[in-house]
Amino acid sequence: MSTPLVGIVMGSKTDLPVMEKAAKQLEEFGIAYTLDVMSAHRNPAEVSQWASGAREAGYKVLIAGAGRAAHLPGVVAAHSDLPVIGVPCLSDHLGGADALYSIVQMPPGVPVATVGIDNARNAAILALQILATADEGHARTLAEFRAEQAGKGMEHREWSAEGASPRKLGFQTGN
Ligand code: RP5
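Residues numbered from 1 in each chain as written. Predicted model: local features only at pLDDT ≥ 70, side-chain atom pairs only at ≥ 80, totals over all residues.

Examining helix 5 (residues 120-132)
In this model, helix 5 (13 residues) spans 19 Å end to end at C-alpha, consistent with the 18 Å of a helix rising 1.5 Å per residue. Taken together, the buried positions of helix 5 are Ala120, Ala123, Ala124, Ile125, Ala127, Leu128 and Leu131. Looking at the packing, one finds that the buried side of helix 5 touches strand 1 (6-10), helix 1 (16-29), strand 3 (61-67), strand 4 (84-89) and helix 6 (136-162). (Helix = DSSP H or I, 4+ residues; strand = E, 2+ residues; numbered from the N terminus. Expected span 1.5 Å × (residues − 1). Buried ≥ 20, exposed ≤ 12 C-beta atoms within 10 Å, placed from the backbone. Contact = placed C-beta atoms within 7 Å.)

Spelled out as structure tokens, the structure:
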């Protein structure tokens, strides 16, 4: 089995329904990954050990998801110089803004690339983009994925062109 290039961690098992979307997307891209639960406040020593050893373990990108006062991505970034992508997970309070602000508002010097609330799929796509900067195979996967996206965009355009007459949009033409 190939060395995992992406390490996915989440603060709690309750984040799994969100974070498994990143795992699924990486699988579709054919990227080997690991998926683990470790909490910045419940298991700080484990988080520190894992993140500190991540480069040596062969990882190229780390994805960390957490909810509420979501320290995990920042703590991972503090212990590793690999790119860290943070996924703010929605909890039952504050509409996910708590996690979003906690992750996106890293003080200058130790960045966490932050995707939208619950948007773990984007984290996997961004991981592919990072890997594609240094690997032809991943670059081809990215080009195929982008072509697929462009195809979907054209389908939407065709649909909008069909309904784009001024009358259908409710505009008055002339007096
Ligand atoms: C965070 O608190 C976790 O990332 C999770 O999103 C949230 C709630 O965790 P549990 O109390 O459900 O384990 O640390």
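Having put the structure on the table, let's press on.
Overview of the site of the ligand
What surrounds the ligand is the set Gly11, Ser12, Thr14, Asp15, Ser39, Ala66, Gly67, Arg68, Cys89 and Ser91. Here the shell around the ligand is composed, by residue class, of two nonpolar, six polar and two charged. (Near = placed C-beta within 6 Å. Nonpolar A, V, L, I, M, F, W, Y, C, P; charged D, E, K, R; others polar.)

Considerations on helix 1
With 14 residues, helix 1 ought to run about 20 Å at 1.5 Å a step, and its terminal C-alpha atoms sit 20 Å apart, in line with that. Among the residues of helix 1, Val18, Met19, Ala22, Gln25, Leu26 and Phe29 are the ones counted as buried. Seen end-on, helix 1 carries its buried residues on one side only, within an arc spanning 105°. Exposed residues pointing more than 90 degrees away from the buried face of helix 1 are listed as Pro17 and Glu27. Packing partners of the buried residues in helix 1 comprise strand 1, strand 2 (33-37), strand 3, strand 4, helix 5 and helix 6. (Arc of directions from axis to C-beta.)

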